[in-house]
Amino acid sequence: MGNTATLPEQQLAKKTSGNTPAYAAQDAKAPLAPFSIARREPGPTDVQIEILFCGVCHSDLHTARNEWANAVYPVVPGHEIVGRVTKIGKDVKKFKQGDYAAVGCMVDSDRTCPECKDDLENYCDNVIITYNSPDKHLGGMTYGGYSKQIVVDEHFVLRVPDTKNLAGVAPLLCAGITTYSPLHHWKVGKGQKVGIVGLGDLGHMGLKLAHAMGAKVTLFTTSPGKTEDAKRLGADEVVISKDPEAMAKLNGTFDFILDTVSANHDINALLNLLKRDGSLVLVGAPEKPMEVAAFSLIPKRRHFSGSMIGGIKETQEMLDFCAKHGITSDVEIIPIQKINEAYERLLKSDVKYRFVIDMASLK
Ligand code: NAP
Ligand code: ZN
């Protein structure tokens, strides 16, 4: 396949490791198409990775189509990256050539703020995300994992403890850590009753993880057709969230609820499910503000919070936890040439539960 587009001029001037094949969106309306990008030569603490698999997150589509109004084109999406180390800088300690390695949503941060010092780079005000962030090395913007290789500082590169199903590991780098982090932070475990709301990609990871942590897990879904699959994935019970009677019966019985819903929904019906001191954590990001009734929170001292991906240390813990419990994402592997079709199917929720690009298809 020809990479017909040209490199941005500012990047040609810098030291790079040559032309890397990639797929990019050139504007909000254009389908993703072949494109050549520059990657830097590894510096002393950098790891160069040949990308083997890259998950397809809904954020990729949001950015490629400029739905968050912050895209700087060309956009090369992809932040669920698994591959093999091809080169390391002289000071790299964690990796050697040939190791499997992974990269998630972040590639740098300021490393000095209180968040970074607490291993929570995901909350650093100066975090550099894997694509569509300013690239301090080459100028322009960072390019993500829909490409053949990437160069990342070793601090932001994860070890892959289980290499049997690399495609299934890729989505752990976003969907996995986004659900693991709140479950872990709020100390979900044995003896607790946990609700997962919405069975999409995040929800399916939430079910697997909460179940492996030992909790009794209930899926709240708007889709009765998902009941069997939810049970296979680790739900002890499935409740249709649009059935007010079924919901009311469970009021005051949950220790923790993880809400992965991407659209506006009745948050008070969910808050009422919590016990005294129970917590509801939002990871799903509906567009519009939600109306929270004071009396959904006050009577039982309930907590209502949010959570965003997870820090690097915690991401490694999550990968180790998943390896120990045999957890990977359910995936549908596609060649990169099908990416535009995959985006259309993603919009119809026609995937169980994550598309993953086999990068061998990108020549
Ligand atoms: P997804 O696969 O589309 O799943 C979302 C699920 O929400 C759907 O499968 C559906 O589940 C439920 N849902 C959709 N519309 C609904 C409605 N109108 N009312 C009630 N339920 C509805 O999306 P995803 O990839 O899991 O992502 C979920 C959300 O997390 C997105 O908003 C995404 O932007 C966000 N996200 C956040 C972070 C973070 O760091 N916080 C990271 C990644 C993604 P049922 O059919 O089971 O009801
Ligand atoms: Zn993502």
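Report follows, based on the coordinates. All values derive from a computational prediction rather than experimental measurement.

Another point: the site of ligand 1. By nearness alone, 23 residues border ligand 1, and Leu 199, Thr 221, Thr 222, Ser 223 and Lys 226 come closest of all. Within the backbone of Asp 201, a nitrogen or oxygen atom sits 3.0 Å from an oxygen atom of ligand 1. The contact in question runs from a nitrogen atom of ligand 1 to an N or O atom on the backbone of Ser 307, over 3.0 Å. Isolated, ligand 1 exposes 930 Å² of accessible area, and the fraction of that covered by the protein chains is 80%. Residues belonging to the shell around ligand 1 are distributed by class as follows: nine nonpolar, eleven polar and three charged.

Turning our eyes to something else, we now look at the packing of helix H5 (residues 175-185) against helix H6 (residues 201-212). At their nearest, the axes of H5 and H6 sit 8 Å apart, and the two run at 50° to each other. Taken together, the axes of H5 and H6 are oblique relative to one another. As H5 runs across H6, the sense of the crossing is right-handed. The residues of H6 that touch H5, namely those facing Ala 175, Gly 176, Thr 178, Thr 179, Tyr 180 and Leu 183, are Asp 201, Leu 202, Met 205, Gly 206, Leu 209 and Ala 210. Here the contact of H5 with H6 is composed, by residue class, of seven nonpolar, four polar and one charged.

Protein ligation of the zinc ion (ligand 2) involves Cys 57 (SG), His 79 (NE2) and Cys 174 (SG), the donor distances falling in the range 2.0 to 2.2 Å. Donor residues for the zinc ion (ligand 2), ordered by position in the chain, follow C-x21-H-x94-C. Here Cys 174 lies in the loop between helix H4 (166-169) and H5 and Cys 57 lies in the loop between strand S3 (46-56) and helix H2 (58-64), a separation of 117 residues in the sequence. For Cys 57, a relative accessible area of 6% translates into the label buried.

The subject of this paragraph is helix H11 (residues 312-325). Residues lying three or four places apart along an α-helix face the same way, a consequence of the helix completing one turn every 3.6 residues. Here H11 is 14 residues long and its end C-alpha atoms lie 20 Å apart, about the 20 Å a rise of 1.5 Å per residue gives. Here H11 has its buried residues at Ile 312, Glu 314, Thr 315, Gln 316, Met 318, Leu 319, Phe 321 and Cys 322. In this structure, the buried residues of H11 make contact with strand S6 (106-108), strand S9 (158-159), H4, H5 and H6.

Attention now moves to the pairing of strand S14 (residues 274-282). Pairing of strand S13 (residues 254-259) with S14 involves five bridges; the strand directions are parallel. Directly across from Phe 256, in S14, lies its bridge partner Ser 279. Pairing analysis gives four bridges linking S14 to strand S15 (residues 303-306), with the strands arranged parallel. By the bridge assignment for S15, Ser 279 is matched with His 303.

Here is what the cut-offs are and how they apply
- Numbering of residues begins from 1 in every chain and follows the order in which that chain's sequence is written.
- Naming scheme: in the order in which they are written, chains are lettered from A and ligands are numbered from 1.
- Selection of residues for local features in this predicted model requires a pLDDT of at least 70, selection of side-chain atom pairs for listing and counting requires 80 or more, and totals for whole chains, interfaces and linings are taken over all residues.
- To obtain the side-chain values, all non-hydrogen atoms of the structure were used and water was disregarded.
- One heavy atom within 4 Å of a molecule or strand makes the whole residue count as near it.
- Any pair of nitrogen or oxygen atoms within 3.5 Å is treated as a polar contact; in protein, a donor-acceptor pairing is required on top of that, and neighbouring residues in sequence qualify only through side-chain atoms on both sides.
- What sets the accessible areas is the Shrake-Rupley method with a 1.4 Å probe; for residues, cover comes only from the shown protein chains.
- All residues other than Ala, Val, Leu, Ile, Met, Phe, Trp, Tyr, Cys, Pro, Asp, Glu, Lys and Arg, Gly among them, are scored as polar; the first ten of these are nonpolar and the last four charged.
- Simply put, an axis is a line fit to the C-alpha atoms, just over the touching stretch for a helix, and the angle between two N-to-C directions goes from 0 to 180 degrees.
- Secondary structure elements follow DSSP: runs of H or I of four or more residues count as helices, runs of E of two or more count as strands, with numbering from the N terminus.
- What sets the label is the angle itself: under 35 degrees gives roughly parallel, over 145 gives roughly antiparallel, 65 to 115 gives roughly perpendicular, and the rest give oblique.
- We call a crossing left-handed when the near helix sits turned anticlockwise from the far one by less than a right angle, and right-handed when that turn is clockwise.
- Two residues form a contact once any of their heavy atoms are found within 4.5 Å.
- Counted as donors are the N, O and S atoms within 2.8 Å of the metal, or 3.2 Å for Na, K and Ca, while water is not among the atoms, so some sites may look incomplete.
- Any residue under 20% of the maximum accessible area for its type is buried, any over 50% is exposed, and the rest in between are partly exposed; the area is computed with a 1.4 Å probe on protein chains only.
- To estimate the expected span of a helix, subtract one from its residue number and multiply by 1.5 Å.
- Two strands make a pair as long as DSSP finds a minimum of two bridges between them.

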